[in-house]
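# Close look at the chain arrangement
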Amino acid sequence: MICALAGGVGAARLLRGLVRVVPPQDLTAVVNTGDDTVLHGLHISPDIDTVCYTLAGWGDDTRGWGLAGETWTVMTALEALGGQAWFRLGDRDLATHLYRTQRISEGAPLSEVTTELSRQLGTGIEVLPMSDDPVHTRLELAADGREVAFQEYFVRLRHDEPVNAVHFEGADTAAPAPGVTAAIESAEVVVICPSNPVVSIGPILAVPEVSPAVAARRDTVVAISPIVAGKALKGPADRLLLELGEEPSVLGVARRYVEVCGTLVIDEADAGYADTVRSLGMRCVVAPTVMRTATDAAVLGKVVLDAGRPPAGRR
Ligand code: FO1
């Protein structure tokens, strides 16, 4: 059993590699829900949908979110009505949000709906939201101290606005979703996927009981840095680390994870940092971490699992 803490795009890519290294049914993804939003009355869970669509083979690889071959008839009609169309919801993607919203209105918890969607889409793995309780990532803008919701920052403001602080509203009273702590405790290896350490992995670790459960088995927890040569492969991870007073490098990532994670996998471009990471008390494995193809992801998946396994299994 492998448990992966997952955000959106980077996580989905690695998960697609992991399922080529271990049987899919042995993989549980605990997914960030801090990005979730209600728009047009619909419950939207972007990271859950990105993981499910990608694992099921329906994802649009170029965009990194939503469905391949998507059409936008509804968005175009909504725009013509003067409705809010800044958050692009494709016609088939809307079916997922309609399904989730209806099931939640019937009283089903997010974890139950996610299990249904994961099965009906055919991901082959277990997908758990980090919590069934609402957790909303909010960012305080440096310009005027205003706080905005995650999608406002990420999509509407194109994450171009410097931030002062990030808050996970509701995290401190959120319970881990059913099965989350058990998956973390019973896994042979816990993988922290190459997602944004601040706004994608951060909310998961902010759910009480999750960090202690991960820290309790720190020696078989392995993270992959989403920062390569000082840059995030996708999204604002490097800028957010800098704006929050941390180094936009593998060291900034290492410091974020050192309490809960025993091994950090960094890209060859950052080999020079390996000893400094080790001086923080983490093992450090240097390997190619940029996944351009499914084969790259499978190769990285194997490196990660070998790095996370107990010493006997460690090569
Ligand atoms: N990202 C964008 O940059 N623009 C969008 O219009 C957009 C719409 C969208 C709709 C559904 C969904 O599941 C994801 C969507 N995303 C969009 C991506 C989303 O903002 C990010 O995937 C996560 O929230 C951060 O990883």
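Residues numbered from 1 in each chain as written. Predicted model: local features only at pLDDT ≥ 70, side-chain atom pairs only at ≥ 80, totals over all residues. Heavy atoms only, no water.

### Looking at unusual backbone geometry
- In this model, His159 sits at a positive phi of 40 degrees, which is unusual for a non-glycine residue.
- Within the secondary structure, His159 is located in the loop between α6 (150-156) and β8 (163-169).
- If you check the backbone angles, Ala229 has positive phi at about 50 degrees while not being a glycine.
- Looking at where Ala229 falls in the secondary structure, it is placed in the loop between β11 (227-228) and β12 (231-232). (Helix = DSSP H or I, 4+ residues; strand = E, 2+ residues; numbered from the N terminus.)

### Structural notes on the site of the ligand
- Taken together, the neighbourhood of the ligand is formed by 13 residues, with Asp35, Pro46, Asp47, Arg88 and Gln151 sitting nearest.
- A distance of 2.8 Å separates an oxygen atom of the ligand from a polar atom in the backbone of Arg88.
- In isolation the ligand exposes 530 Å². Once the protein is present, 89% of that is buried.
- Going through the elements one at a time, α2 (46-56) and α6 are the ones with two or more residues in the shell around the ligand.
- Residue contributions to the shell around the ligand peak at four residues, all from α6. (Near = heavy atom within 4 Å. Polar contact = N/O pair within 3.5 Å; in protein donor to acceptor, adjacent residues only side chain to side chain. Areas by Shrake-Rupley, 256 points an atom, 1.4 Å probe, with all protein chains shown as cover.)

### Considerations on the pattern of salt bridges
- With the rule as written, the count across this model stands at 20 salt bridges.
- In this structure, Glu246 and Arg256 form a salt bridge, with 3.0 Å as the shortest nitrogen-oxygen distance. Of this pair, Glu246 sits in the loop between α10 (237-243) and α11 (250-257) while Arg256 sits in helix α11, placing them ten residues apart in sequence.
- One network of salt bridges, in which partners are shared, links Arg103, Glu106, Glu112 and Glu116. (Salt bridge = Lys/Arg side-chain N within 4 Å of Asp/Glu carboxyl O.)

### Observations concerning the sheet that holds strand β2 (residues 27-31)
- Strand order across the open sheet formed by seven strands is β5-β2-β1-β9-β10-β13-β14, with parallel pairing between neighbours. This sheet does not close on itself; its edge strands, each paired only once, are β5 (126-129) and β14 (283-286). Neighbour to neighbour, the strand axes of the sheet diverge by 20 degrees on average, direction disregarded.
- Strand direction decides the pairing type here: β2 and β5, joined by four bridges, are parallel. Across the sheet, residue Ala29 finds its bridge partner in β5, namely Val127.
- Docked against the sheet, α11 engages β9 (189-192), β10 (221-224) and β13 (263-266), running at close to 160 degrees with respect to β13. (Pairing = 2+ DSSP bridges. Axes fitted to C-alpha atoms, helices over the stretch in contact; angles between N-to-C directions. Contact = heavy atoms within 4.5 Å.)

### So, the layout of surface pockets
- Looking at the largest pocket, its volume works out to about 940 Å³.
- If you trace the largest pocket, you find 42 residues lining it, with Gly8, Val9, Trp65, Phe154 and Lys234 closest to the centre.
- Those elements giving two or more residues to the lining of the largest pocket turn out to be α1 (9-18), α2, α4 (91-105) and α6.
- For the lining of the largest pocket, the residue count by class is 19 nonpolar, 14 polar and nine charged.
- Taken as a whole, the second largest pocket holds about 230 Å³ of empty space.
- Lining of the second largest pocket is provided by 18 residues; of these, Asp36, His43, Leu110, Asp132 and Pro134 occupy positions nearest its centre. (1 Å grid on protein atoms, 1.4 Å probe; cavity = no way out; pocket = protein on both sides within 12 Å on 5 of 7 lines; lining within 4 Å. Points joined across faces, edges and corners; volume = space filled by probe spheres on them. Nonpolar A, V, L, I, M, F, W, Y, C, P; charged D, E, K, R; others polar.)

### A short note on the side chain of Thr28
- By the secondary structure assignment, Thr28 is in strand β2.
- We classify Thr28 as buried; its relative accessible area is 1%.
- A polar contact of 3.0 Å, which involves the side chain of Thr28, links it to the side chain of Glu126.
- Discounting chain neighbours no more than four positions away, the residues touching Thr28 are Met1, Ile2, Cys3, Ala4, Glu126, Leu128 and Ala183. (Buried < 20%, exposed > 50% of the residue type's maximum accessible area, 1.4 Å probe, protein only.)

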